[in-house]
Amino acid sequence: MCGIIGYIGNENAVPIILDGLKRLEYRGYDSSGIAVMNEDGFDVVKQKGRLSALEELVTRSSVKGFMGIGHTRWATHGEPSDINSHPHLGSQNKVAIVHNGIIENYRQIKERLEQKGIEFVSQTDSEVIAQLAEYYHAGDIVETVIRTANALEGSYALGIMCLDEPDKLIAIKKDNPLIIGVAEHGNFIASDVPAVLAHTNKVYYLNDKEIAILTKTGVEFYNMDREPIHKEPEIITWSLKSAEKGGYEHFMLKEIMEQPKVLKDTIQSAAGDGDNRRIIESLDISKFNRIVITACGSAYNAGMVGRYVFERLCRIPVEVELASEFRYKDPIVDYNTLVIIISQSGETADSIAAMREARRRGAVTLSIVNVIGSTIAKETDYTLYTMAGPEIAVATTKAFSAQLALLYILAVAFAKKLNRISDEEEGRLLSEIASLPDKAAEMLEKFDAIQKYAVTCVGCKSIFFIGRNIDYAIAMEGSLKLKEISYIHSEAYAGGELKHGTISLIEENTLVVAISCCEGLYEKIYSNVEQVISRGAKVLFIGNCIKAVPGEKLEIIELPKINEMFASSLSVIYLQLFSYYVAANKGLDIALIIESMHRTYEKQIFP
Ligand code: GLU
């Protein structure tokens, strides 16, 4: 999920790789490392923490070589530590690899190799790649890479070096990006353009399961049948700044666009064969008579959505508490309560305090976090990881979506264990959840309507978000997102509450964003829409069951159809884009707010 750089050429690979890693630093990481090949074998320097510390270590150890690989890691399996950092070597020190992604069947491979006497040193999923490649290697490196890749399930971008082939650097990828850069003095592999831009702007984009064999003087490409393939290079014209954001203007937009992949990875880990699945299966929900979800900010809103889904599917009472309030309210939790703590960083101080309070009172705790080895992950009884990768922008988008996906899957699993749903119903619900990544991708391909509409809202002083039931929960997130990044006042209301006072705040041209994905409540929310329009409001109506026709005061944006329990995952994408485009069009100050991500990130990862 983070960064890879590799080099083979006429120059010392070490400074080139370190510089490449620095240029990938913006992607976020928790550890880093480098391996170079020379006459004595591999020199490996790797450690948890900042890149500057790695640089110092590398400089002191005077490693040198004309071929090497470097990595910035965002842990998905095994907490950030020196030993879990990449590169990883096979136990005979013959193969060295760097890996971005997730190997889903790593347990099976590891068990198989352990039975053959191979000893593993790390807790990562990635080490199996080095060990397996070494195990398969019989002299022909391309053959080895093909066999290894065929055995792997999951996602990978790989840089591979083999002692038997000192003149070849090898790359292959599936579902994670990898580019090949060609320069005068040598050739590169990298997970992103900025890592090579100082040396070349001529790059090849590797497609899934294409193998690149790099030598000092050239690159050859092969398919999995070992047939040579022809690829055309592309000339990059982006500046370094825009290349860092994958061509997007801000990290927030880049992260919004990453959501289909994040959803896919997270759903796979929890509904497929990943570690999250094992955790979910090990939890005996029948022991609890209540669920309390506690969190802050957007994570609290994810909990609000989760509550509706849990209650509908499991018929267990669920409360959602702000973590900052929880410990001061003498909370009623005991060993019959499952307390779910949601936090992107796993270090949110109020959420840590709430978790400790819940544990002190004997509750069983389950966390949903994005950072492996974080305080909340370590201290809760059960931990589920969102597979969102590092989130750089201050306003959360992709981590929020991953939290929702885990809550849905958890709710379905609990409902099944409690016999509230049949096998068929479980299958139907899981396949609806599995359709989210494609539907999200479809939405992100055509969002010009929301973008255009947002531009017209830049001058709004106040924006209301309304919805009913689950749509109300996601309206809260839409409103928070807008406040957070655009500095426009905003309130979220349950549609039915408007009449209790608030409606007097609606004036000529006040903007109301209404959400409608709960089909049974359509007439109700539509009547709210009519009420506010009759008071002069203009309405942006977002949903997948809307029957109204657009008008002067009514803009309608359709969402793909999906079971309404999971529709928040789709509506939130347009709500995020709406906030982003309102903010981005508001002027420089706001652009700076969207951009002020590094401070937050640094604090979070390297406190
Ligand atoms: N899954 C691997 C690990 O946890 C790779 C993580 C990454 O992409 O940085 O080490």
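How each quantity is defined
Residues numbered from 1 in each chain as written. Predicted model: local features only at pLDDT ≥ 70, side-chain atom pairs only at ≥ 80, totals over all residues. Heavy atoms only, no water. Helix = DSSP H or I, 4+ residues; strand = E, 2+ residues; numbered from the N terminus. Polar contact = N/O pair within 3.5 Å; in protein donor to acceptor, adjacent residues only side chain to side chain. Contact = heavy atoms within 4.5 Å. Axes fitted to C-alpha atoms, helices over the stretch in contact; angles between N-to-C directions. Parallel < 35°, antiparallel > 145°, perpendicular 65-115°, else oblique. Left-handed = near helix turned anticlockwise from the far one by under 90°. Nonpolar A, V, L, I, M, F, W, Y, C, P; charged D, E, K, R; others polar. Buried < 20%, exposed > 50% of the residue type's maximum accessible area, 1.4 Å probe, protein only. Pairing = 2+ DSSP bridges. Salt bridge = Lys/Arg side-chain N within 4 Å of Asp/Glu carboxyl O. Core = buried A, V, L, I, M, F, W, Y, C linked by side-chain atoms within 4.5 Å. Phe/Tyr/Trp six-rings, centres within 6.5 Å; stacked < 30°, edge-to-face > 60°. Lys NZ or Arg CZ within 6 Å of the ring centre and 35° of its normal. pLDDT = per-residue confidence, 0-100.

Novice: I keep staring at the side chain of S579 and nothing clicks. Help me out?
Specialist: Note on placement: S579 falls in helix α20 (residues 568-584). A polar atom in the side chain of S579 sits 3.3 Å from the backbone nitrogen of L482. The residues touching S579, leaving out its near neighbours within four places in the chain, are G478, K481, L482 and I485.

Novice: Would you mind going over the packing of helix α8 (residues 259-271) against helix α14 (residues 398-417) with me for this structure?
Specialist: Each pair of packed helices can be summarised by the angle the axes make with each other and by the distance between the axes. Relative orientation of the contacting elements α8 and α14 amounts to 30 degrees, with a least axis distance of 9 Å. If you check the angle between α8 and α14, you find them roughly parallel. Between α8 and α14 the crossing geometry is right-handed. Contact with α8, carried on its side by Q259, V262, L263, T266, I267, A270 and A271, involves K398, S401, A402, A405, L406 and I409 of α14 and no other residues of that element. Classifying every residue of the contact of α8 with α14 by side-chain character gives nine nonpolar, three polar and one charged.

Novice: Explanation requested: unusual backbone geometry in the structure shown.
Specialist: Peptide bonds are mostly trans, and most non-glycine residues show a negative phi. Geometrically, the link from H86 to P87 is a cis peptide bond, its omega value of 0 degrees lying close to zero. Assignment of secondary structure puts P87 in the loop between β4 (67-73) and β5 (88-89). At N93, a residue that is not glycine, the phi angle is positive and equals roughly 60 degrees. Among the secondary structure elements, N93 is positioned in the loop between β5 and β6 (95-103). Look at N93 and you get partly exposed, because its relative accessible area is 41%. Even without being glycine, R315 reaches a positive phi, approximately 55 degrees.

Novice: How do you make sense of the sheet that holds strand β9 (residues 179-182) when you look at a structure like this?
Specialist: In a beta sheet, neighbouring strands pair by backbone hydrogen bonds and run either parallel or antiparallel. The sheet built from eight strands is open, its strands ordered β3-β2-β4-β1-β10-β9-β11-β15 with antiparallel pairing. Both outer strands of the open sheet, β3 (41-48) and β15 (234-235), are each paired with one neighbouring strand and no more. Where strand β1 (residues 3-9) and β4 come together, six bridges link them in antiparallel fashion. Pairing of I4 across the sheet is with H71, part of β4.

Novice: Please explain the sheet that holds strand β17 (residues 318-322) as it appears in this structure.
Specialist: Spatially, five strands are ordered β17-β16-β18-β19-β20 in an open sheet, and the strand pairing comes out parallel. One side of each edge strand has no neighbouring strand; the edge strands of this open sheet are β17 and β20 (382-385). Sheet twist, expressed as the mean angle between neighbouring strand axes with direction ignored, is 20 degrees. The strands that α14 touches are β16 (290-295), β18 (337-343), β19 (364-369) and β20; relative to β18, the one it contacts most, it runs at about 160 degrees.

Novice: Would you explain the pattern of salt bridges in this entry?
Specialist: Side chains that differ in charge, positive against negative, can pair when their charged atoms come close. Tallied over the full model, the rule gives 33 salt bridges. Close ionic contact of R278 with D275 constitutes a salt bridge, the shortest N to O distance being 2.6 Å. Placement of the pair is R278 and D275 together in helix α9 (residues 275-282), with a separation of three residues, close to one helical turn. R278 sits in the partly exposed class, given a relative accessible area of 32%. Connected through shared salt-bridge partners, D330, E357, R360 and R361 make up one network.

Novice: Which parts of the structure should I look at to understand the pairing of strand β11 (residues 202-205)?
Specialist: Within a regular strand, side chains alternate between the sheet's two faces. Of the pairings in the sheet, the one linking β9 to β11 comprises three bridges and is antiparallel in character. From the neighbouring strand, I180 faces β11, where its bridge partner is Y204. Where β11 lies against β15, two bridges are found, and the strand directions are antiparallel. Along β15, the bridge assignment pairs V203 with E234.

Novice: I would appreciate a short explanation of the nonpolar core in the present structure.
Specialist: The tendency in soluble globular proteins is for nonpolar side chains to be buried as a group. F310, L577 and F578 are the most contacted members of the largest nonpolar core, which totals 128 residues. If you tally residues by element for this core, the top one is α14, at 13 residues. Ranked by size, the runner-up nonpolar core spans 31 residues in total, among them V95, I97, L152 and I160.

Novice: I'm lost on the side chain of S81 in this one. Help?
Specialist: Positionally, S81 belongs in the loop between β4 and β5. Classification of S81 by relative accessible area gives buried; the value is 17%.

Novice: Could you clarify how one ought to interpret the packing of aromatic side chains in this entry?
Specialist: Aromatic ring pairs: the centre-centre distance and the angle between the two ring planes describe each pair. Enumeration according to the criterion identifies 13 aromatic pairs in this entry. Ring centres 5.0 Å apart and planes at 55 degrees place the aromatic pair Y204 and F221 in the tilted group. Remark: F221 occurs in strand β13 (residues 219-222) and Y204 occurs in strand β11; sequence separation between them is 17 residues. Like F221, Y204 is buried. By the ring-pair criterion, three or more aromatic residues cluster together here, those being F447, Y580 and Y581. Residue placement shows K231 over the ring face of F221; its charged tip is 5.9 Å from the ring centre. Sitting over the ring of Y308, R307 keeps its end group 5.5 Å from the ring centre.

Novice: Looking at this structure, how should I read the confidence of the model for the chain?
Specialist: Caution applies to low-pLDDT regions: their predicted coordinates should not be interpreted in detail. For the chain, the average pLDDT comes to 93, and 96% of its residues sit at 70 or higher. The low-confidence segment residues 597-603, where pLDDT is below 50, has 16 contacts with residues more than four positions distant or belonging to other chains.

Novice: Help me understand the packing of helix α3 (residues 106-115) against helix α4 (residues 127-136) in this model?
Specialist: Closest axis-to-axis distance for the α3/α4 pair is 10 Å, and the angle between their directions is 45 degrees. With respect to their mutual orientation, α3 and α4 come out oblique. Both α3 and α4 take part in a crossing whose hand is left-handed. Only V128, Q131, L132, Y135 and Y136 of α4 make contact with α3, whose side of the interface consists of Y106, I109, K110, R112 and L113. Of the residues in the contact of α3 with α4, the class split is seven nonpolar, one polar and two charged.

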